[in-house]
Amino acid sequence: MIEPAIEVRGLKKSYGDSEAVRGIDFVINRGEVFALLGPNGAGKTTIMEILEGYIQRTSGHVSVLGFDPDSSPEDLRSRVGIVLQETGVDPYLKVGEIIKQFSGFYQNPKPINDILDVTGLKEQRDTRIRRLSGGQRRRLDVALGIVGDPELLFLDEPTTGLDPYARRNTWNMIASLKELGKTILLTTHYMDEAEVLADRIALLNSGIIEAEGTLGELRAYKNATIIKFELDDAVNRIPVEISKLANVIGNEVKLETTTPISSLAILTSWALNEEIGLRGLSVQQQSLDEIFIELVEGRETYNRVRPE
Ligand code: ATP
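Residues numbered from 1 in each chain as written. Predicted model: local features only at pLDDT ≥ 70, side-chain atom pairs only at ≥ 80, totals over all residues. Heavy atoms only, no water.

K.L.:
A description of the overall build of the chain should follow, citing residues and the corresponding values.
P.N.:
Scanning the chain from terminus to terminus reveals eleven helices and 15 strands. Within the chain, the proportion of its 308 residues that are buried is 45%. Across the chain, contacts joining residues at least 24 apart in sequence account for 70% of those joining residues at least 6 apart. Carbon and sulfur atoms provide 47% of the accessible area of the chain, an area that totals close to 15,200 Å². Both charge centroids of the chain, one from 35 positive and one from 47 negative side chains, sit 4 Å from each other. (Helix = DSSP H or I, 4+ residues; strand = E, 2+ residues; numbered from the N terminus. Buried < 20%, exposed > 50% of the residue type's maximum accessible area, 1.4 Å probe, protein only. Contact = heavy atoms within 4.5 Å. Areas by Shrake-Rupley, 256 points an atom, 1.4 Å probe, with all protein chains shown as cover. Lys, Arg positive; Asp, Glu negative; His and termini not counted. Charge placed at Lys NZ, Arg CZ, Asp CG, Glu CD.)

K.L.:
Tell me about the side chain of T170, residues and numbers included.
P.N.:
Within the fold, T170 resides in helix 6 (residues 164-179). Given a relative accessible area of 1%, T170 falls into the buried group. Those residues in contact with T170, other than ones at most four positions away along the chain, are R139, P158, T159 and L162.

K.L.:
Account for the sheet that holds strand 2 (residues 18-28), with residues named and values stated.
P.N.:
Working definition: the strands of a sheet are paired by backbone hydrogen bonds and lie parallel or antiparallel to each other. Across the sheet, three strands lie side by side as 2-1-4; this open sheet has antiparallel pairing. The open sheet has two edge strands with one neighbour each: strand 2 and strand 4 (59-64). Going from strand to strand, the sheet's axes swing by 25° on average, the running direction of each strand aside. Direction of pairing for strand 1 (residues 6-15) relative to strand 2: antiparallel, over a ladder of eight bridges. Residue pairing for strand 2: K13 is matched across the bridge by V21. Strand contacts of helix 1 (residues 44-52): strand 1, strand 2 and strand 4, with the helix running at about 115° to strand 1, the strand carrying the most contacts. (Pairing = 2+ DSSP bridges. Axes fitted to C-alpha atoms, helices over the stretch in contact; angles between N-to-C directions.)

K.L.:
Report on the site of the ligand, specifying residues and quantitative values.
P.N.:
Around the ligand, the surrounding shell holds 13 residues, and the nearest of these are N40, G41, K44, T45 and T46. One nitrogen or oxygen atom from the side chain of T46 is found 2.5 Å from an oxygen atom belonging to the ligand. Contacts to the ligand include H189, whose side-chain N or O atom sits 2.9 Å from an oxygen atom. The fraction of the free accessible surface of the ligand (630 Å²) that becomes covered by protein chains is 58%. By residue number, the principal contributor to the shell around the ligand is helix 1, which donates three residues. (Near = heavy atom within 4 Å. Polar contact = N/O pair within 3.5 Å; in protein donor to acceptor, adjacent residues only side chain to side chain.)

K.L.:
Please provide a residue-by-residue account of helix 4 (residues 112-119), values included.
P.N.:
Taken residue by residue, helix 4 has I112, I115, L116, V118 and T119 as its buried positions. Where the residues of helix 4 are buried, they touch helix 3 (95-103), helix 5 (134-145) and helix 6. Remark: G120 follows helix 4 within two positions and exhibits a positive phi of approximately 70°.

K.L.:
Tell me about the pattern of salt bridges, and please be specific about residues and values.
P.N.:
Two side chains with opposite charge may pair up if their charged atoms get near one another. Evaluation of the coordinates by the stated rule reveals 18 salt bridges. K122 serves as the salt-bridge partner of D117, at 3.1 Å between the closest nitrogen and oxygen. Across the pair R167 and E193 runs a salt bridge, and its minimum N-O distance is 3.5 Å. With R167 in helix 6 and E193 in helix 7 (residues 191-197), the pair connects residues that are 26 residues apart, well separated along the chain. (Salt bridge = Lys/Arg side-chain N within 4 Å of Asp/Glu carboxyl O.)

K.L.:
Can you break down the sheet that holds strand 3 (residues 33-37) residue by residue, with the values?
P.N.:
Reading across the sheet, the six strands line up as 5-6-7-3-8-9 and stay open at both edges, with mixed pairing between neighbours. Every other strand in the sheet has two partners, leaving strand 5 (80-83) and strand 9 (208-213) as the edge strands with one partner each. Each strand axis lies, on average, 15° off the axis of its neighbour in the sheet, ignoring direction. With respect to the sheet, helix 6 is in contact with strand 3, strand 6 (152-156) and strand 7 (183-188), its orientation differing from that of strand 7 by roughly 155°.

Encoded structure:
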């Protein structure tokens, strides 16, 4: 059996009294793109820095390409590429010059032309770093992360702050790296990014993995149907079976149900009997966005409407 690229079991990390990572498990197979998706402060960077060997875990088992990153073995460092949120480089150097400089750190660096090709920076070879756009600058960070031709790449928020066009270019670059067989762990705030790029996604919230799997698995995770409608101001009661499932904000009612047919039957027969309009009534599968937001925000219910 091929050993996974990364294996994490029962990982915990505390800063003083505060627990940033509260016992997580995941496995990343070779050649996979795995996304840690979560809001600010969820613990994404902490996990990545533990895997990179930058910071020490409090407890748990971690294996990266078969090594414990805590012992920071030389063998491991040469096989891993790390792209942090910001790389400090001399802004007056040209793109080609900095890549060449970084190539000197490795025994078998990737050819400069290949790096420029895969990162889409061929035309910027002679451009000074300070003249690069935000997206090009981010792709240069990735270029510097792959100079040593690593098998495993850590990308910390590769598209944060980029415009939609630059994001798409960065996505194309990450897809090309995947085609080269690289294993990639990326962190992101963006649902669409995880959806487009990742083979598997871990939804991280407050140091816990709330759900993990392929896009299809996450979609099936709750198998919930969302029913939405608006009530008139005059209506201040809804059936108890519905209110149990409802999240009411102002006049908008959102129900999450795993039995949509019976929920709809209760709702519509009540509306017919009471002659109540259900404005904008819609019935949809719960999207990944909604699953995520729900996990992150919890269920804040502003119950203006009392149950019957
Ligand atoms: P972001 O998306 O903002 O980068 P994140 O998901 O990467 O967030 P982390 O940076 O890993 O989250 O932070 C997780 C928690 O740990 C946060 O509550 C943060 O304040 C805390 N934390 C991170 N680094 C330290 C540190 N060096 N000392 C104390 N607390 C820290």
